[in-house]
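# Reading the structure
Spelled out, the chains give:
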Amino acid sequence: MSARLAFDYTIVQIVPRVERDERINAGVILFCPAAAFLGCRIALDEGRLRALAPDVDVAAVSAQLEAVRAVCAGDRAAGPIAGLSASERFHWLATPRSTVVQPSPPHAGLCDDPATALDHLFAASVSRPE
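Owing to the predicted nature of the structure, the values given are computational and were not obtained by experimental measurement.

## Comments concerning the pattern of salt bridges
Within this structure, the stated rule accounts for 6 salt bridges. A salt bridge links Asp21 to Arg23, with the shortest nitrogen-to-oxygen separation between them at 2.8 Å. Look at Asp21 and you get partly exposed, because its relative accessible area is 46%. The partly exposed category is assigned to Arg23, whose relative accessible area is 35%. The shortest N-O distance in the salt bridge between Glu66 and Arg69 comes to 3.0 Å. With Glu66 and Arg69 both in helix α2 (residues 58-73) and 3 residues apart, this pair spans about one turn of that helix.

## Description of the nonpolar core
The biggest cluster of nonpolar side chains holds 22 residues, and the ones touching the most others in it are Ile14, Ile29 and Leu65. Those elements that provide at least two residues to this core are β1 (5-14), β2 (24-32), β3 (37-42), α2 and α3 (86-93). Counting residues per element, this core draws most heavily on α2, at 6 residues. If we ignore the near neighbours within four places in the chain, the residues touching Leu65 are Val12, Ile14, Ala26, Ile42, Leu44 and Val101. If you look at the next biggest cluster of nonpolar residues, it comprises 13 residues, including Tyr9, Ile11, Leu121 and Val126.

## Regarding the environment of Leu110
One can find Leu110 in strand β5 (residues 107-111). For Leu110, a relative accessible area of 54% puts it in the exposed group. Residues Leu110 and Asp8, 102 residues apart in the sequence, show an inter-C-alpha distance of 8.7 Å. If sequence neighbours within four positions are ignored, Leu110 has contacts with Arg4, Leu5, Ala6 and Phe7.

## Points about helix α4 (residues 114-125)
Helix length check: α4, at 12 residues, gives a terminal C-alpha distance of 16 Å against a target of 16 Å (1.5 Å per residue), a fit within 8%. Along α4, the residues that are buried comprise Pro114, Ala117, Leu118, Leu121 and Phe122. Along the axis of α4, the buried residues cluster in a sector spanning 135°; they form a single face. Facing away from the buried side of α4 by more than 90 degrees, the exposed set consists of His120 and Ala124. Looking at the buried positions of α4, the neighbouring elements they touch are β1, β2, β3 and β5.

## Quick look at unusual backbone geometry
Within the chain, Asp21 stands out as a residue other than glycine whose phi angle is a positive 55°. Considering the arrangement of structural elements, one finds Asp21 in the loop between β1 and β2. Despite not being glycine, Ala36 shows a phi value in the positive range, around 50°. Position of Ala36 relative to the elements: it lies in the loop between β2 and β3.

## Side note on the packing of α2 against α3
Contact geometry of α2 with α3 gives a least axis separation of 9 Å together with a crossing angle of 155°. By the angle between their axes, α2 is roughly antiparallel relative to α3. Residues Val68, Val71, Cys72 and Ala73 of α2 pack against Arg89, Trp92 and Leu93 of α3. When the residues that make up the contact of α2 with α3 are grouped by side-chain class, the tally is 6 nonpolar, no polar and 1 charged.

Analysis parameters
Residues numbered from 1 in each chain as written. Predicted model: local features only at pLDDT ≥ 70, side-chain atom pairs only at ≥ 80, totals over all residues. Heavy atoms only, no water. Salt bridge = Lys/Arg side-chain N within 4 Å of Asp/Glu carboxyl O. Buried < 20%, exposed > 50% of the residue type's maximum accessible area, 1.4 Å probe, protein only. Helix = DSSP H or I, 4+ residues; strand = E, 2+ residues; numbered from the N terminus. Core = buried A, V, L, I, M, F, W, Y, C linked by side-chain atoms within 4.5 Å. Contact = heavy atoms within 4.5 Å. Expected span 1.5 Å × (residues − 1). Arc of directions from axis to C-beta. Axes fitted to C-alpha atoms, helices over the stretch in contact; angles between N-to-C directions. Parallel < 35°, antiparallel > 145°, perpendicular 65-115°, else oblique. Nonpolar A, V, L, I, M, F, W, Y, C, P; charged D, E, K, R; others polar.

So yeah, pure geometry; function would need other evidence.
The following block contains the structure:
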C-alpha cells in the first residue's frame, strides 16, 4: 500500500459584482509537491455568468481565465510569473485579490493521483450535470 499524497487546491471563482458577493466556480487549481504536479481545469459557463451580470465583458473574463491557465502551465508567454517554480506559481495564483477572477481560500487533501483528484474536484465544484 503506497502512502497517499498531500495536495492543496483552490477554486477559481468569477465575481462579476464584488459588492453583491455572488460567485460562479469556473475552475480548480491543484498543487501536489510530492508528485511535482501543478495543474488546473477551467470552464466558463457564459450563461450563468450573464444571468448574474448581463453587461459583463465575457471576452475580458475569458482572457483572465486563460492567463490563469497559462501561468499554471508555466507558459513563458504569460510573463515573468510563469517562470517561477510550481510552488511559487500556485501560491501566486491562490493569493486573494479583488478582481473579477478570484481564488477561493486554499484547501488541502490527500490523493493517490493528483490528476485524478483534479478531475474529481473539477467535476464536484465546477461542472454542472447535463
